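Summary of structural features
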Amino acid sequence: MDLTTPPTPRARLLAFDGGGIRGLFALKIARRIETLLRERSGNPKLVLADHFHYIGGTSTGAIIATALSWGLAVDDVIRLYRENARIMFTKDNLSLGGLRGFRFAREPISAFLRDFFVEADGKPATLGSSRLRTLLLVVTRNASTGSPWPISNNPKARYNDRSKPGCNLDLPLWQLVRASTAAPTFFPPEIIDIVDQTSGEVTRNTFAFEDGAVTPFNNPAYLLYTMATLPEYRLCWPQGAERMSLVSIGTGSLATGRGGRLEEHLLGLAKQVPAALIGSSQWWQDLLCRQQGECRYGEPLDSEVGDLVRPNPDAKFLYARYDRRITEADVIAAGKFSRRGFTLDNVELMDCLGEMGAEYARRVVSMLHFDDA
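Keep in mind the model is a prediction, meaning the values are calculated, not measured. (Residues numbered from 1 in each chain as written. Predicted model: local features only at pLDDT ≥ 70, side-chain atom pairs only at ≥ 80, totals over all residues. Heavy atoms only, no water.)

Concerning the overall build of the protein
Each helix and strand counted, the protein has ten helices and nine strands in total. What you see for the protein is a C-alpha radius of gyration of 20 Å, in line with the 21 Å of a compact globule of 373 residues. By principal-axis analysis of the C-alpha atoms, the protein measures approximately 55 × 50 × 40 Å. Across the 373 residues of the protein, 53% fall into the buried class. Contacts spanning at least 24 positions in sequence make up 69% of the contacts within the protein whose residues lie at least 6 apart. Between the averaged position of the 44 positive side-chain charges in the protein and that of its 42 negative side-chain charges there is a distance of 2 Å. (Helix = DSSP H or I, 4+ residues; strand = E, 2+ residues; numbered from the N terminus. Rg over C-alpha atoms; globule rule 2.2 N^0.38 Å. Buried < 20%, exposed > 50% of the residue type's maximum accessible area, 1.4 Å probe, protein only. Contact = heavy atoms within 4.5 Å. Lys, Arg positive; Asp, Glu negative; His and termini not counted. Charge placed at Lys NZ, Arg CZ, Asp CG, Glu CD.)

Structural data, given as structure tokens:
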């Protein structure tokens, strides 16, 4: 099956934000979409890989995207999260501590991904695995060069040429997903050997990769659209609301302001800045999608532009953004489960996150937002 052929009548793109264990919130939205598709098709075994053609994600979104592209039903992905979350967030008792230490150990999450993404013969699956049923985008960051590193299994991509040494399609799939989830201070970086194809010689470089959230693409939706259409990515799928749709799923957005504190001490600033930058980048990516697409659903971006839900005769794609703000009332309700709040690693909130996501999805998700053909 040629995954690169322009789908008809419409190419369907699906993007998942990062957010740690809050990925369970996003999965409940994905489950609602899958349920609606099954009801419409009359096929109770339909999975999202049967409907969407290009799935992408960052960090926890990379795990979700890869599992869905692998052909899993959403309930199976939810089960994997619930069964393995506490294992993946295993404290690193061997950490050096202080500024050089990491909160969680490398091996538990590596083992989970390494054992799951395997071929039928038990060998590690690669990015070019035929078991991936859709095109896949995984967003990570090359910490050695300081550059975003979005990688796709698109066989037409420049560095996916099978005739050249060091083809990226031969990279272990589990390792790329692990790289996308290597949040600084939480997990150690993932070390990957990459062949330099630009020098004319076979030169192998060793790079450290870390969480794709440490780029502007914790929300990878606009990047996914770009990689499906920009000629340099060599896919060149047709644009237009009749030819493309894009669904973007968040993990619940947290307030990053400091409220009534007009000034903040240095430690407070150091803690706030990363989350503030990630939140601002997510807002910008969402705005780009609403500007370039025909937004069928999305909560208001701010009081000035509103939600931008309106017809757009120049739209490059249909667009729906499913996410909601985590309010003070949510924080109070979550206190029944845990006092640690909506942190990336708070596995005590799994039930709470699932309930929040399911309630939100029942209330807002509609097929008309992204697939009226």
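So much for the structure itself; the text now carries on.
What to know about the packing of aromatic side chains
Here the structure, examined in full by the defined rule, presents 16 aromatic pairs. When the ring of Phe-89 is compared with that of Phe-104, the centres are 5.2 Å apart and the planes differ by 70°; the resulting orientation is edge-to-face. Separated by 15 residues along the polypeptide, Phe-89 in the loop between α4 (74-88) and α5 (106-116) and Phe-104 in the loop between α4 and α5 bring together distant segments of the chain. Of the two residues examined, Phe-89 and Phe-104, each falls in the buried class. Joined through ring pairs, the aromatic side chains of Trp-70, Phe-112, Phe-116 and Phe-117 make up one cluster. The residue whose ring lies beneath Arg-114 is Trp-174, and the NZ or CZ to ring-centre distance is 5.1 Å. (Phe/Tyr/Trp six-rings, centres within 6.5 Å; stacked < 30°, edge-to-face > 60°. Lys NZ or Arg CZ within 6 Å of the ring centre and 35° of its normal.)

Looking at the packing of α5 against helix α6 (residues 173-180)
Interaxial distance between α5 and α6 falls to 9 Å at its minimum, and their mutual angle equals 140°. Classified by the interaxial angle, the pair formed by α5 and α6 is oblique. Where α5 crosses over α6, the handedness of that crossing is right-handed. For the pair formed by α5 and α6, the contact residues are Arg-106, Ile-109, Ser-110, Leu-113 and Arg-114 on the first element and Trp-174, Val-177 and Arg-178 on the second. Among the residues forming the contact of α5 with α6, the class breakdown is four nonpolar, one polar and three charged. (Axes fitted to C-alpha atoms, helices over the stretch in contact; angles between N-to-C directions. Parallel < 35°, antiparallel > 145°, perpendicular 65-115°, else oblique. Left-handed = near helix turned anticlockwise from the far one by under 90°. Nonpolar A, V, L, I, M, F, W, Y, C, P; charged D, E, K, R; others polar.)

Focus: the pattern of salt bridges
Tallied over the entire structure, the rule returns 21 salt bridges. Of the charged contacts, one joins Asp-50 and Arg-133 as a salt bridge, the two residues approaching to 2.2 Å between their closest N and O atoms. Highlighted residues: Asp-50 in helix α2 (residues 48-51) and Arg-133 in the loop between α5 and β3 (135-142), separated in sequence by 83 residues. For Arg-133, a relative accessible area of 33% gives the class partly exposed. In this structure, Asp-323 engages Arg-321 in a salt bridge whose closest nitrogen and oxygen atoms are separated by 3.4 Å. Taking the relative accessible area as the measure of exposure, Arg-321 reaches 5% and is therefore buried. (Salt bridge = Lys/Arg side-chain N within 4 Å of Asp/Glu carboxyl O.)

Some thoughts on α4
Each turn of an α-helix holds 3.6 residues, which means side chains three or four residues apart point in the same direction. With 15 residues, α4 extends 19 Å from end C-alpha to end C-alpha; this agrees with the ideal 21 Å at 1.5 Å per step. By the largest-angle criterion, Arg-82 marks the main kink of α4, which is about 35°. Of all the residues in α4, the buried ones are Val-74, Val-77, Ile-78, Leu-80, Tyr-81, Asn-84, Ala-85 and Met-88. At its buried positions, α4 is contacted by α1 (23-41), α2, α3 (60-69), α5 and α10 (350-364). (Expected span 1.5 Å × (residues − 1). Bend = angle between axes of the 7 residues up to and from the residue.)

Some thoughts on the environment of Gly-166
Along the chain, Gly-166 falls in the loop between β4 (147-152) and α6. Along the primary structure Gly-166 and Ala-361 are separated by 195 residues, whereas in three dimensions their C-alpha atoms are 42 Å apart. Not counting residues within four places of it along the chain, the set of residues in contact with Gly-166 comprises Val-195 and Gln-197.

Description of the side chain of Thr-66
Summarising the element assignment, Thr-66 is placed in helix α3. Polar side-chain contacts of Thr-66 include one of 2.7 Å to the backbone oxygen of Ala-62. (Polar contact = N/O pair within 3.5 Å; in protein donor to acceptor, adjacent residues only side chain to side chain.)

What about the pairing of strand β2 (residues 54-58)?
Counting buried residues along β2, five of its five residues qualify, which places the element largely inside the surrounding structure. Both faces of β2 are covered, namely the face carrying Tyr-54, Gly-56 and Thr-58 and the face carrying Ile-55 and Gly-57. Strand direction decides the pairing type here: strand β1 (residues 11-16) and β2, joined by four bridges, are parallel. Residue pairing for β2: Phe-16 is matched across the bridge by Gly-57. With five bridges joining them, β2 and β3 adopt parallel strand pairing. (Pairing = 2+ DSSP bridges.)

Quick look at the nonpolar core
As a rule of thumb, nonpolar side chains are buried together in soluble globular proteins. Ranked by size, the top nonpolar core spans 79 residues in total, and within it Leu-14, Phe-16, Ile-33, Leu-48, Leu-68, Ile-249 and Tyr-322 carry the most contacts. With nine residues, the top contributor of residues to this core is α1. By size, the runner-up hydrophobic cluster in this structure holds 24 residues, among which are Ala-221, Leu-223, Cys-289 and Cys-295. (Core = buried A, V, L, I, M, F, W, Y, C linked by side-chain atoms within 4.5 Å.)

Considerations on α6
Of all the eight residues making up α6, eight are buried; the element is thus mostly covered by neighbouring parts of the structure. All of the buried residues in α6 are Leu-173, Trp-174, Gln-175, Leu-176, Val-177, Arg-178, Ala-179 and Ser-180.

Just geometry here; none of it tells us what the structure is for.
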